[in-house]
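Single-letter residue listing:
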Amino acid sequence: MKELKKLDSIQMAFLELTASIGLTIEDMNAEIREDAQCEWSIYYETSLDEQYNYDLSKLLTYFEIFRIARKNNDELTAFVALLHAGTSSQNLKSLFENIENEIDKVMFRDPRFKWPEM
């Protein structure tokens, strides 16, 4: 059995929960809102760990480029590096917002999931 990575275990938890009410990944991908957006925030066919590691690596690389450019008084390269770092940080932010949206969906917005009353 393959050991789950940290963020992939979150993905697996949601997949196990949705499977408990009979949903497959294909069913989830087919659920489209009126605004043509998927009902589910996480893309389940891509590893969350891979997404996170990719974007974090890019973010750290762009900040290293920024630091080197500043030391070399290359303000244009420093500016562009920050611009790209902003994109990478936004991707990381979106990853965690998607997890939060998924939690909200299964806890409060989707009546197919039943929870004890508090």
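Placed above this text is the structure.
Throughout what follows, the structure given in this document is the object of discussion.

1. Here's the deal with the side chain of Thr-18
Stage number 1. Tracing the sequence through the fold places Thr-18 in helix α1 (residues 6-19).
Stage number 2. A residue is classified by how much of its surface remains accessible, and Thr-18, at 0% relative accessible area, is buried.

2. Details of the nonpolar core
Stage number 1. Judged by nonpolar contacts, the single largest core of 13 residues is most densely connected at Met-28, Trp-40, Ile-42, Tyr-44, Leu-48 and Ile-99.
Stage number 2. Residue assignment for this core shows that the elements contributing at least two residues are α1 and α4 (75-109).
Stage number 3. Discounting chain neighbours no more than four positions away, the residues touching Trp-40 are Thr-18, Leu-23, Met-28, Glu-31, Glu-102, Lys-105, Val-106, Asp-110, Arg-112 and Phe-113.

3. A few points about the packing of α1 against α4
Stage number 1. Where α1 contacts α4, the two axes come as close as 12 Å, and the packing angle between them is 25 degrees. Between α1 and α4, the interaxial angle falls into the category roughly parallel. In terms of crossing hand, the pair formed by α1 and α4 is left-handed. In this structure, α1 contributes Leu-7, Ile-10, Phe-14 and Leu-17 to the contact, and α4 contributes Leu-95, Phe-96, Ile-99, Glu-102, Ile-103 and Val-106.
Stage number 2. Per-class residue counts for the contact of α1 with α4 are 9 nonpolar, no polar and 1 charged.

About the criteria used
Residues numbered from 1 in each chain as written. Predicted model: local features only at pLDDT ≥ 70, side-chain atom pairs only at ≥ 80, totals over all residues. Heavy atoms only, no water. Helix = DSSP H or I, 4+ residues; strand = E, 2+ residues; numbered from the N terminus. Buried < 20%, exposed > 50% of the residue type's maximum accessible area, 1.4 Å probe, protein only. Core = buried A, V, L, I, M, F, W, Y, C linked by side-chain atoms within 4.5 Å. Contact = heavy atoms within 4.5 Å. Axes fitted to C-alpha atoms, helices over the stretch in contact; angles between N-to-C directions. Parallel < 35°, antiparallel > 145°, perpendicular 65-115°, else oblique. Left-handed = near helix turned anticlockwise from the far one by under 90°. Nonpolar A, V, L, I, M, F, W, Y, C, P; charged D, E, K, R; others polar.

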